[in-house]
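Chain by chain, the residues run as shown.
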Amino acid sequence: MKIMKLKKWAALTLCGVLMLSMLTACQGDSTESESVVQSEVSSSVADPVQAAIQARKDSGEYPKLVIAFPTVTGRPAGADRIQEKLNAYTEEKLGISVELEIMDMASYPQSMTLMLSSGEQADIFNAVSMGYSACANKGYCLDMGEDNLLETYGANIMEVLNPLYIEASKVDGIQYGLPQNRDMASGQGGYVIPKRFLDEIGFDYESMRTEESSDYIYTDIETIDEIYAQLHEKYPDMHVFLPNKSSHLRNVLQYDGLGDNFGVLMDPLNTLEVSNLFESEEFLETCKRYYEWNQNGYISKDALTDTATPQEQIKAGTGISHLCALKPGILQSQEQATTLPGQPTEELVIFQVLDDFMNSGAINGMNWCINSSTEYPVEAMQVLNLLYSDSVAANLLAWGEENVDYVKTDDGHITFPEGVDASNAEFSHSVNWLFPNQYITEVWVGQELNVYEETEKFNDNSKKSKALGFSFDNSSVMTEYTALVNVQNEYINQIMLGFVEPEAALKEMNEKLYAAGLEKYMAEKQKQLDVWAAANGVA
């Protein structure tokens, strides 16, 4: 295994240090010289991290590591410049060169899988959209625990990551990858309404605020029913509710999809029993509510085909409210997204009707891994250790080069330099959440400066699924998965947005799901979950 290089390197380093001590000792009998040499030997043996760095610098030969990850649109125009800056920094700090292999998000799973299976160099990679468990099971990921690789050369990682999240990122008890410091939980059931509309109907939202909630108002779905009825009466020609079809399902109910919607945990805080979401009473009742909203005229008749975002429709004056997942800073982000250029900020009120929740896949959705075929396991771990703990390196990947890609403001934020915006920025990729440690990066203007501290609290205080850390590998039931997705796509938006009577439509949908192999798919998911639970001591 490539990690045997670690043992070989350590042995050679120790031999070299011991030989140096012997030669130095032979030059004289000075007690002082012997003391210095013994100190050097002890220091080198005690600190293999610095010894590895020094050995590389002394040799003058810096190994080159390839770091692979995607962005939404692929390699930014300024990526070569950022690579050069990062490379200079890693050479200075670690005696290691780096190369950035940046792909677009759509092609990343296929391209990355090809690189890993063909032996093409990709020493460090992110498993986003590839399936972390699948990568581990296919042998693509190095065991970071073997020979204490993580403990020895990733000590800073173990300090900055929550131990719970490190443990939850193991597969079959093996540390094949590491999660980020980012928003992992999701505040579910967040209904967003511009303040001006609530003021117009005389709804007293301020009295509903609590000390622990300055950004959100915690309430129940019946209150939303009441607000929407009043808004529709006041603004009959506007669409009261603007659905976001891509994220609607995961925000209206609190369940754990275990990677998808085909076999879920309906009571994720208390049980590991896999069941059919689409046969649950909770799902039916939710669909009935949206059917009623649709029949009442709250939802646009063109909602199934409309491609405009809720924020765009609010700015256009055609709609009022929408549903979104919540996290620290989301109020400011939503206000920015719904404000017309040159106009005063669109002040919003957010009502939350469900809990902050962390599902099974929250941790392992985009883990950082070391390629099992790498020639440089020690160096790869040291690079990851730097990216998790060094703000200079972290900001280069997240935001680019200071005074070129961003500038600091007087109050401590960052923003685009004069003459630069999202349309012409050379290193604006919108995936700063993908990199190892968002908490040590700069804060973009519009967010509170303490947003990352609040995010850490948000994660830690959220309710967590009993299956936290479980990652379903559906490679053995991929045929069924494809068929199930096709059935879901045929029905889900019509049912969830209230365009068809839900009971009859769900009956028909479930019949097709079972015909497509849902029972087999759920059985495989339950089997893997049971194995995972036994291995991790989860009852």
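Only a predicted model underlies this, so the values are computations on that prediction, with no experimental measurement involved. Along each chain, residues carry numbers from 1 onward, in the same order as the chain's sequence is written. The predicted nature of this model means local features are confined to residues of pLDDT at least 70 and side-chain atom pairs, given and counted, to a pLDDT of 80 or more, with totals for whole chains, interfaces and linings taken over all residues. Calculation of side-chain values draws on the structure's entire complement of heavy atoms; hydrogens and water are dropped beforehand.

**Some words on the overall build of the chain**
Within the chain, the secondary structure is distributed over 21 helices and 13 strands. When its C-alpha atoms are laid out on the principal axes, the chain stretches across 95 × 55 × 40 Å. A total of 539 residues make up the chain; the buried ones form 51% of that total. Long-range pairs, those at least 24 residues apart, make up 78% of the contacts in the chain with a sequence separation of at least 6. For the chain, the exposed area adds up to about 24300 Å²; of that, 49% sits on carbon and sulfur atoms. Across the chain, the mean location of the 35 positive side-chain charges is 4 Å away from that of the 81 negative side-chain charges. Helix and strand assignments follow DSSP, with helices taken as H or I runs no shorter than four residues and strands as E runs no shorter than two, numbered in order from the N terminus. To sort residues, take the accessible area from a 1.4 Å probe on protein chains only and compare it with the maximum for the residue type: under 20% means buried, over 50% means exposed, and anything in between is partly exposed. Contacts are assigned to residue pairs with any non-hydrogen atoms lying within 4.5 Å of each other. For the accessible areas, the method is Shrake-Rupley and the probe is 1.4 Å, while residue cover comes only from the protein chains on display. Charge counting follows a simple rule: Lys and Arg are positive, Asp and Glu are negative, and His as well as the terminal groups are ignored. For charged residues, the charge sits on one atom: NZ in Lys, CZ in Arg, CG in Asp, CD in Glu.

**A short note on the pairing of strand β4 (residues 186–194)**
Along any regular strand the residues' side chains alternate between the sheet's two faces. For β4, a buried count of nine out of nine residues is recorded, marking the element as mostly surrounded by other parts of the structure. Here, strands pair whenever DSSP counts at least two bridges between them. Strand direction decides the pairing type here: β4 and strand β9 (residues 356–358), joined by two bridges, are antiparallel. By the bridge assignment, G187 is partnered in β9 with D356. By the bridge criterion, four bridges tie β4 to strand β7 (residues 319–326) in an arrangement that is antiparallel. Residue pairing across strands places V192 opposite H322, the latter belonging to β7.

**Side note on the packing of helix α4 (residues 79–94) against helix α16 (residues 377–389)**
Axis lines are fitted to C-alpha atoms, over the contacting stretch for helices. Their N-to-C directions set the angle, which ranges from 0 to 180 degrees. α16 packs onto α4 with a crossing angle of 110° between their chain directions and a minimal axis gap of 11 Å. One way to sum up the angle between α4 and α16 is to call them roughly perpendicular. Counting all contacts with α4, which are made through Y89, T90, K93 and L94, the residues of α16 involved are Q382, V383 and L386. Just so you know how the angles are binned, under 35 degrees is roughly parallel, over 145 roughly antiparallel, 65 to 115 roughly perpendicular, and the rest oblique.

**Some words on the nonpolar core**
The nonpolar core is taken to be a set of buried Ala, Val, Leu, Ile, Met, Phe, Trp, Tyr and Cys residues, with the residues joined through side-chain atoms within 4.5 Å. Core analysis: the biggest nonpolar cluster contains 66 residues, and Y191, Y228, L231, F283, W293 and F351 have the highest contact counts within it. The element that contributes the greatest number of residues to this core is helix α19 (residues 478–496), accounting for seven residues. Once you skip the residues sitting within four places of it in the chain, L231 turns out to touch I193, F197, I201, V240 and I320. Counting 62 residues, the second-largest nonpolar core is a separate cluster that includes Y132, C141, L387 and L396.

**Details of the packing of aromatic side chains**
The rule is short: rings of Phe, Tyr and Trp, with Trp giving its six-membered ring, pair when the centres are within 6.5 Å, and they are stacked under 30 degrees, edge-to-face over 60, tilted in between. Evaluation of the coordinates by the stated rule reveals 24 aromatic pairs. Judged by centre distance (6.1 Å) and plane angle (75°), the ring pair of F262 and Y481 falls under edge-to-face. Of this pair, F262 sits in the loop between α12 (248–252) and α13 (281–295) while Y481 sits in helix α19; the two residues are 219 residues apart in sequence, bridging distant segments of the chain. Look at F262 and you get buried, because its relative accessible area is 2%. With a centroid separation of 6.4 Å and an interplanar angle of 45°, the aromatic rings of W293 and Y298 are classed as tilted. Judged by its relative accessible area of 6%, Y298 falls in the buried class.

**A word on the environment of A229**
Mapping A229 onto the fold places it in helix α11 (residues 221–234). For the pair formed by A229 and N296, sequence separation is 67 residues and the distance between their alpha carbons is 8.6 Å.

**Side note on the packing of α13 against α19**
At their nearest, the axes of α13 and α19 sit 8 Å apart, and the two run at 60° to each other. Here α13 is positioned oblique relative to α19, judged by the angle of their axes. Of the residues in α19, those in contact with F283, T286, C287 and Y290 of α13 are I492, I495 and M496. Ten residues, namely Ala, Val, Leu, Ile, Met, Phe, Trp, Tyr, Cys and Pro, are considered nonpolar, four, namely Asp, Glu, Lys and Arg, are considered charged, and the remaining ones, Gly among them, are considered polar. The residue makeup of the contact of α13 with α19, split by class, is six nonpolar, one polar and no charged.

**Observations regarding the pattern of salt bridges**
Every case where a carboxyl oxygen of Asp or Glu lies within 4 Å of a side-chain nitrogen of Lys or Arg is listed as a salt bridge. One pass over the structure, following the stated rule, counts 23 salt bridges. Close ionic contact of E167 with K170 constitutes a salt bridge, the shortest N to O distance being 3.1 Å. Residue E167 is classed as partly exposed on the basis of its relative accessible area, which comes to 42%. A residue is classified by how much of its surface remains accessible, and K170, at 21% relative accessible area, is partly exposed. One connected set of salt bridges, linked through shared partners, spans R81, K85, E401, D405 and E426.

**Notes on the sheet that holds strand β1 (residues 64–71)**
Sheet strands pair via backbone hydrogen bonds, and the direction of the pair is either parallel or antiparallel. Across the sheet, four strands lie side by side as β2-β1-β3-β10; this open sheet has mixed pairing. Only two strands of the sheet have a single neighbouring strand rather than two, namely β2 (97–104) and β10 (368–370). Here the average twist between neighbouring strands, direction ignored, is 20°. Where β1 and β2 come together, eight bridges link them in parallel fashion. Residue pairing in the sheet places L65 in a bridge with V98 of β2. The strands touched by α16 are β1, β2, β3 (124–126) and β10; relative to β10, the strand with the most contacts, the crossing angle is about 160°.

**A few points about helix α18 (residues 451–461)**
Side chains three or four residues apart in an α-helix point the same way, a direct result of the helix having 3.6 residues per turn. V451, Y452, T455, F458 and N459 are the residues of α18 that are buried. Looking down the long axis of α18, one finds its buried residues gathered within 110° of arc, a one-sided arrangement. Here the buried face of α18 lies against α9 (163–168), β4, β7, β9, α17 (391–399) and β13 (463–464). Note: the arc covers the axis-to-C-beta directions of the helix.

**Considerations on the confidence of the model for the chain**
One confidence number per residue, pLDDT, is output by the predictor and ranges from 0 to 100. Per-residue confidence for the chain averages 91 on the pLDDT scale, and 91% of its residues sit at or above 70. Low confidence marks residues 7–45, where pLDDT is under 50. Its contacts with residues over four positions away, or in another chain, come to 17 contacts.

**A short note on the side chain of N261**
Among the secondary structure elements, N261 is positioned in the loop between α12 and α13. Owing to a relative accessible area of 16%, N261 belongs among the buried residues under this scheme. At 2.8 Å, the side chain of N261 and the side chain of Y255 are in polar contact. Once residues within four sequence positions are removed from consideration, N261 is found in contact with L249, Y255, L277, F278 and Q488. Polar contacts, as counted here, are pairs of nitrogen or oxygen atoms within 3.5 Å of one another; within protein the pair requires one atom able to donate a hydrogen and one able to accept it, and residues that are adjacent in sequence qualify only if both atoms are side-chain atoms.

**Notes on the side chain of D123**
Following the sequence through the fold, D123 ends up in the loop between α5 (108–118) and β3. No salt bridge is formed by the buried D123; the nearest opposite charge belongs to K64, separated by 7.9 Å. A polar atom in the side chain of D123 sits 2.8 Å from the backbone nitrogen of V66. A distance of 2.7 Å separates polar atoms of two side chains, one belonging to D123 and the other to T374.

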